[in-house]
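# Inside the fold
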Amino acid sequence: MAYDEATYRRPAEEQPTDPAAYRANTLAAAEQRRRAEQLDDPGDSTTTDVMRRVDADEDGRDRLGIHLGWEVVLLVAAVAIGYMLWRADSDALQRPGLDNLLVTGAAIGLLTLGAGLTLRAGVPNLALGPIALAGALQYAEQGDQGLVKSVVPALIIAAAGAAVIGLLILVLHVPGWAATLAAGFGVIVYDQLRIAPVVVQGDYDPTDQAFFLFGGFALLAVLGGALGTVGPVRRWLGRLRPAGDPATRRGAVVAVPVIGTLVLSSAFAVVTGVLFAAQSSTPIVPGTGLEWTGIALGLAMLAGTSAYGRRGGIFGTLFAVSALTLFLDYQTREKFDIALFAIAAAVFGGGLIVTRLVETYGKPLPAAGEPDWNAAPAATGANWSPDLPETWSTTTTSTGRTDRWDAGPWGTSR
């Protein structure tokens, strides 16, 4: 009989039961090796992708401290700019000047909400500015037919176009920014078909509902931000956020957040254009509208929404939009004549810095590892020893085994 026979071989799946093995973390090490072999097994790609996706998604609750701290800074900035505006012209914060400020804030706020929503969904809508300009031109040309007849067709066309772009993103699985930029170029063609400024034909005055318009935007911003802090909602909305290979398809489950956010953001852009046109006392000048895309996306990031998607704050959009609205009025009254593209560049650059802060300090805390074996005695075990089972008794006698070496094939009795 040889040592290699089945009688003397330990089964392959047998686990050590000696307490010393637990103290040395033998079981934990064996489990880690087994999991590593599972992940490295090329034949089990599905399990590997799922495990890596879970790790990449950082399935946990984001830390809101960085968002709340930054939102305090935004609030202080808005108050400071408002104070500067009041010092420059106190009438700006009184009616009717206040009504114009609120309408402008509501228009910029809706555009920023659309940008933040698509950023969270991982499909930043770069066509927001051109769509807003197209909505302004549409109302300027057709406003004499009434608000409904001039705005509803624009909303339907914008929503249908956004749905088509969303399907294109899902079917081809191309980056959202690339698809929406292509759509934006197409909308710019429509905007630049006019060779001269368009005089506004309608008589709708949004300042009559200024408080309702700005209040509606503020309510949407705060409720949307609060809803985005809920873990399942945040992860569902940001499922298209790149994880691992960005070209890997995410499946049909991302269809609703992708198409829904694109449609909603495009509708917000049309309403923004209508408010701009209805409030304007000068003709609407054809252009590209890309400066408003930069302002909207920059404000969304400056408010705390990550450029990578999913993460965002609660009050940041409201405070950031208020600060920019006050600044635009202030620089107009002070005759600074700062180009909108320059403002968009500054806001966008600041938003990129905030994105880095959010991604660095807003991640969930790392999960605590499993506790190592502790050889200290338990509180309830008076006679416990790390070297012996808890049921060990030195006074217990055990029956001798019959399979001793001296009784085996090499024993002295043979």
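What you are looking at is a predicted structure, and each value in this text was computed from that prediction instead of being measured. Residues take numbers from 1 onward in each chain, read along the sequence in its written order. Under the rules for a predicted model, residues below a pLDDT of 70 receive no local features and side-chain atom pairs below 80 are neither given nor counted, while totals for whole chains, interfaces and linings still include all residues. The basis for the side-chain values is all heavy atoms of the structure; hydrogens and waters are excluded.

## Focus: the overall build of the chain
Helix numbering and strand numbering both begin at the N terminus, where a helix is a DSSP run of H or I of at least 4 residues and a strand a DSSP run of E of at least 2. A count of helical and extended segments in the chain gives 14 helices and zero strands. Listing the helices and strands of the chain from first to last along the sequence gives α-α-α-α-α-α-α-α-α-α-α-α-α-α. The buried share of the chain, taken over its 414 residues, is 39%. The contact criterion used throughout is that any non-hydrogen atoms of two residues lie within 4.5 Å. The long-range share in the chain, meaning contacts at least 24 apart out of those at least 6 apart in sequence, stands at 81%. Within the structure as shown, the chain displays about 23200 Å² of accessible surface, and the carbon and sulfur contribution to it stands at 62%. Relative accessibility decides the category of a residue: with a 1.4 Å probe and only protein chains considered, values under 20% of the type maximum give buried, values over 50% give exposed, and everything between is partly exposed. A 1.4 Å probe and the Shrake-Rupley method give the accessible areas. Residues count as covered only by the protein chains that appear here.

## Some points on the pattern of salt bridges
What counts as a salt bridge is simple: a side-chain nitrogen of Lys or Arg found within 4 Å of a carboxyl oxygen of Asp or Glu. Enumeration over the complete set of coordinates arrives at four salt bridges. Ionic pairing is found between Asp99 and Arg95, a salt bridge with its closest N-O pair at 3.0 Å. Judged by relative accessible area, Arg95 falls into the exposed class, the value being 57%. The salt bridge involving Glu141 is made with Arg194; its shortest N-O contact spans 2.8 Å.

## Things to note about the packing of aromatic side chains
Each pair of aromatic rings taken from Phe, Tyr and Trp, with Trp reduced to its six-membered ring, is defined by centres within 6.5 Å and is described as stacked if the planes are under 30 degrees apart, edge-to-face if over 60, and tilted in the remaining cases. Overall, the coordinates contain five aromatic pairs when judged by the stated rule. Ring geometry for Phe214 and Phe217: centres 5.5 Å apart, planes at 65°, overall edge-to-face. Of this pair, Phe214 and Phe217 both sit in helix 9 (residues 210-228), three residues apart, which is roughly one turn of that helix. Taken individually, Phe214 and Phe217 each receive the classification buried, so the pair is uniform in this respect. Between Tyr330 and Phe336 the ring centres are 5.8 Å apart and the planes differ by 75°, which places this aromatic pair in the edge-to-face class. A cation over a ring is seen here: Arg194 above Tyr190, with NZ or CZ 4.2 Å from the ring centre. By definition, being over a ring means that NZ of Lys or CZ of Arg is both within 6 Å of the ring centre and within 35 degrees of the ring normal.

## So, the side chain of Gln331
Mapped onto the fold, Gln331 is located in helix 13 (residues 316-333). Residues in contact with Gln331, not counting those within four places in the same chain, are Phe336, Asp337 and Ile338.

## Here we look at helix 4 (residues 65-88)
Here a helix's expected span is defined as the number of its residues, less one, multiplied by 1.5 Å. For helix 4, which comprises 24 residues, the first-to-last C-alpha distance of 35 Å matches the rise-based estimate of 34 Å (1.5 Å per residue) to within 8%. Looking at helix 4, one finds that the buried residues are His67, Glu71, Leu74, Ala78, Ile81, Gly82 and Leu85. Where helix 4 is buried, its residues touch helix 5 (97-120), helix 12 (290-302), helix 13 and helix 14 (340-361).

## Looking at the environment of Gln201
Mapping Gln201 onto the fold places it in the loop between helix 8 (176-191) and helix 9. Other than its neighbours up to four places away in sequence, Gln201 contacts Ala140, Glu141, Gly143 and Asp144. Here a polar contact is taken to be a pair of N or O atoms separated by no more than 3.5 Å, where protein atoms must pair a possible hydrogen donor with a possible acceptor and residues adjacent in sequence count only if both atoms sit in side chains. A distance of 3.2 Å separates a polar atom in the side chain of Gln201 from the backbone oxygen of Val199.

## A word on the environment of Arg95
Structurally, Arg95 is set in the loop between helix 4 and helix 5. When the C-alpha positions of Arg95 and Thr207 are compared, they lie 9.9 Å apart, and in sequence the two are 112 residues distant.

## Digging into the side chain of Thr272
For Thr272, the position within the fold is in helix 11 (residues 255-279). Here the side chain of Thr272 touches Ala107 through a polar contact of 2.9 Å, landing on its backbone oxygen. Apart from residues lying up to four places away in sequence, Thr272 is in contact with Ala107, Leu110, Leu111 and Ala132.

## Considerations on the confidence of the model for the chain
Per-residue confidence from the prediction method is given by pLDDT, with values spanning 0 to 100. In the predicted model, the chain carries a mean pLDDT of 78, and the fraction of residues at 70 or more is 68%. Per-residue pLDDT, averaged within each element of the chain, yields its smallest value for helix 3 (residues 45-57) (41) and its largest for helix 12 (94). Counted against residues more than four places away or in other chains, residues 18-28, with its pLDDT under 50, gives 18 contacts. Overall, residues 38-57 carries pLDDT values under 50, and its contacts beyond four positions in sequence, including any with other chains, amount to 14 contacts.

## Structural notes on helix 13
Taking 1.5 Å per residue, 18 residues should reach 26 Å; helix 13 reaches 26 Å between its end C-alpha atoms and fits that length. Taken from the residues just after helix 13, Lys335 is the one with a positive phi, measuring 55°.

## Brief notes about the packing of helix 12 against helix 14
Helix packing geometry: the angle between the two helix axes and the distance between the axes. Under this scheme, a helix contributes an axis fitted over its contacting stretch, all axes are lines through C-alpha atoms, and angles between N-to-C directions fall in the 0 to 180 degree range. Look at helix 12 against helix 14: their axes get within 7 Å of each other, and the N-to-C directions meet at 30°. Considering their axes alone, helix 12 and helix 14 lie roughly parallel with respect to each other. Once helix 12 is placed against helix 14, the crossing between them reads as left-handed. In this structure, helix 12 contributes Leu290, Glu291, Trp292, Gly294, Ile295, Leu297, Gly298, Leu299, Met301 and Leu302 to the contact, and helix 14 contributes Leu340, Phe341, Ala344, Val347, Phe348, Gly350, Gly351, Leu352, Val354 and Thr355. Angles are sorted into four bins: roughly parallel if under 35 degrees, roughly antiparallel if over 145, roughly perpendicular if 65 to 115, and oblique for all others. Note: crossing handedness is left-handed where the near helix turns anticlockwise from the far helix by less than a right angle, and right-handed where it turns clockwise.

## Observations regarding the environment of Val233
By secondary structure assignment, the location of Val233 is in helix 10 (residues 231-237). Sequence separation between Val233 and Arg310 is 77 residues, and the spatial gap between their C-alpha atoms is 9.6 Å.

## Here we look at a nonpolar patch on the surface
Side chains of Leu167, Leu168, Val171, Leu172 and Val174 sit close together on the surface and give an oily, nonpolar patch of about 410 Å² of accessible area. Inspection of the secondary structure assignment puts Leu172 in helix 7 (residues 147-172). Residues enter a patch when their relative accessible area is above 30% and they make no salt bridge; the linking distance is 9 Å between like charges and 5 Å between nonpolar side chains (Val, Leu, Ile, Met, Phe, Trp, Tyr).

## Details of the nonpolar core
Nonpolar core, defined: a set of buried Ala, Val, Leu, Ile, Met, Phe, Trp, Tyr and Cys residues in which side-chain atoms within 4.5 Å join the residues together. Core analysis: the biggest nonpolar cluster contains 48 residues, and Ile108, Leu111, Ile131, Phe217, Leu299 and Leu324 have the highest contact counts within it. When residues of this core are traced back to their parent elements, those giving at least two are helix 5, helix 6 (128-142), helix 7, helix 9, helix 11, helix 12, helix 13 and helix 14. Those residues within four positions of Phe217 in sequence are excluded, and the remaining contacts are Gly105, Ala106, Gly109, Leu110, Leu113, Thr317, Leu318 and Val321. Core analysis: the next-biggest nonpolar cluster, separate from the first, contains 11 residues, Leu137, Val198, Ala278 and Ile284 among them.

## A word on unusual backbone geometry
The residue after Arg95, namely Pro96, is reached through a cis peptide bond having omega 10°. Among the structural elements, Pro96 can be located in the loop between helix 4 and helix 5. Here His173, not a glycine, exhibits a phi torsion of approximately 50°, which is positive. Here the phi dihedral of Lys335 falls at roughly 55°; this positive angle occurs in a residue that is not glycine. Mapped onto the elements of the fold, Lys335 is located in the loop between helix 13 and helix 14.

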